[in-house]
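Architecture and fold: a report
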Amino acid sequence: MVLSVSERTFTQEVLESPIPVLVNFEAPWCGLCRIIHPLLLQFQAQCGEEIKLVGVNADQNFKLSTTYRLKSLPTLLLIENGTVRHRLECFRGREDLRLALEEIKASYSQRPKIYKSSKTVELECRSA
């Protein structure tokens with residue numbers, strides 16, 4: 001299941017996420033969006049806890065659509081620490097998307113897991 005994100009929850013779920021987030025900008029009328037949905041679910045299952053998948057209805061979240069300058073649907077953005085790392089748009093079909101997702105998955109599964117944390121923990125040194 002893909003988490004549905006809106007303008008209200010985007011900052012918390014995407015920009016402040018401790019792991020990279022693949023944002024799927026889609027719309028109910030978009031045929032290609034429906035066609036790629038099973039491929040995205042498969043990608044999510046393969047990535048497990050390494051990459052989070054969320055969906056954004058581009059029609060209902062116009063500010064986000066404008067902010068990220070969407071030209072076509074679907075558009076996929078991989079956002080890490082609040083920054084767009086990959087942008088996938090204008091792909092021709094399932095195979096184009098599958099290859100792009102494989103590339104993303106490979107690049108993230110080979111990286112050391114270092115993520116920023118919004119909380120700082122202070123440790124106190126004590127001598128025996």
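Conventions used here
Residues numbered from 1 in each chain as written. Predicted model: local features only at pLDDT ≥ 70, side-chain atom pairs only at ≥ 80, totals over all residues. Heavy atoms only, no water. UniProt positions renumbered as here; feature names shortened; annotations may be inferred. Helix = DSSP H or I, 4+ residues; strand = E, 2+ residues; numbered from the N terminus. Expected span 1.5 Å × (residues − 1). Bend = angle between axes of the 7 residues up to and from the residue. Buried < 20%, exposed > 50% of the residue type's maximum accessible area, 1.4 Å probe, protein only. Phe/Tyr/Trp six-rings, centres within 6.5 Å; stacked < 30°, edge-to-face > 60°. Disulfide = S-S within 2.5 Å.

- The name that an unreviewed UniProt entry assigns to the protein chain is Thioredoxin, with the source organism given as Nostoc cf. commune SO-36.
- UniProt annotates the protein chain under Sequence similarities (unreviewed entry) with the comment "Belongs to the thioredoxin family."

A short note on helix α2 (residues 31-47)
- With 17 residues, α2 extends 25 Å from end C-alpha to end C-alpha; this agrees with the ideal 24 Å at 1.5 Å per step.
- Remark: the principal bend of α2, roughly 35 degrees, maps to H37, with a proline, P38, within the next four residues.
- All of the buried residues in α2 are C33, I36, L39, L40, F43, Q44 and C47.
- Count one or two residues on from α2 and you reach G48, which has phi positive near 60 degrees.

A closer look at the packing of aromatic side chains
- Across all of its chains, the model carries two aromatic pairs by this definition.
- Measuring from ring centre to ring centre gives 6.1 Å for F25 and Y68, while their planes differ by 45 degrees; the resulting arrangement is tilted. In this pair, F25 is assigned in strand β2 (residues 21-26) and Y68 in the loop between α3 (62-67) and β4 (75-80), connecting sequence segments 43 residues apart. Per residue, the accessibility class of F25 equals that of Y68, and both read buried.
- Feature note: the residues F10, F25 and Y68 constitute an aromatic cluster, connected by ring pairs.

Focus: the state of the cysteines
- Under the definition given, this model contains one disulfide.
- A disulfide bridge connects C30 with C33, and the sulfur atoms are separated by 2.4 Å. Looking along the S-S bond of the C30-C33 disulfide, the torsion reads about 85 degrees, which is the right-handed sense. C33 carries the same exposure label as C30, and that label is buried.

Some details on the environment of L88
- With respect to the helices and strands, the residue L88 is situated in strand β5 (residues 83-88).
- When its relative accessible area of 15% is taken as the criterion, L88 is described as buried.

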